[in-house]
Amino acid sequence: MSATILRTLTVKSKLKFGKYKDYTVEHIFGMRKQKTLISIYFNLSNITFMDDILDELGITEEFRIDKPSKDNELYKVFLLQIYGKKQAPNKTLQKMGATTKPYKRDYLTRLNHGH
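For clarity, every value in this text was computed on a predicted model and none was experimentally measured. (Residues numbered from 1 in each chain as written. Predicted model: local features only at pLDDT ≥ 70, side-chain atom pairs only at ≥ 80, totals over all residues. Heavy atoms only, no water.)

Undergrad: Hey, could you run me through the side chain of T48 in this one?
TA: One can find T48 in strand β2 (residues 47-49). By relative accessible area, T48 is classed as buried at 11%. Sequence-distant contacts of T48, defined by excluding residues within four places in its chain, comprise L6, R7, T8, L9, Y41 and K67. (Helix = DSSP H or I, 4+ residues; strand = E, 2+ residues; numbered from the N terminus. Buried < 20%, exposed > 50% of the residue type's maximum accessible area, 1.4 Å probe, protein only. Contact = heavy atoms within 4.5 Å.)

Undergrad: Got a minute to help me understand the environment of L9 in this structure?
TA: With respect to the helices and strands, L9 occurs in strand β1 (residues 7-9). The sequence separation of L9 and D51 amounts to 42 residues, and the corresponding C-alpha distance is 10.0 Å. Those residues in contact with L9 that lie beyond four places of it in its chain are K14, L15, V25, I47, T48, F49, M50 and I53.

Undergrad: I tried to follow the nonpolar core on my own but got confused; where do I start?
TA: Looking at soluble globular proteins, one finds that nonpolar side chains tend to be buried together. Core analysis: the largest hydrophobic core is formed by 22 residues, its most contacted members being V25, L37, Y41, F42, F49, L57 and I59. Within the residue set of this core, elements represented by two or more residues are α1 (25-30), α2 (34-43), β2, α3 (51-57) and α4 (72-83). Of the residues forming this core, the biggest block, five residues, is contributed by α2. (Core = buried A, V, L, I, M, F, W, Y, C linked by side-chain atoms within 4.5 Å.)

Here you go:
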């Protein structure tokens, strides 16, 4: 039988994992990375936040998850409700990327030598 460890983060708690492992929750709020914290809450089963942080992130009672668990579908619904509809990919930019030709070797050599 394995015990599940639930980690509840406060404002002064360091994440200790991922890209922002040395940052506290307060620093991440200061960097305006709320989407990162929202993603952590919905997609990691052993991480939760205090109620005041969840309120600050805009996660209401209807979107709260009984931890330890995760809910990717609820995460997508939450993002659509809070941040609006998905943006369709820009087709003109996709066409431009497909038609751009790579530079020839001698042209790049001349650029490198200052000609």
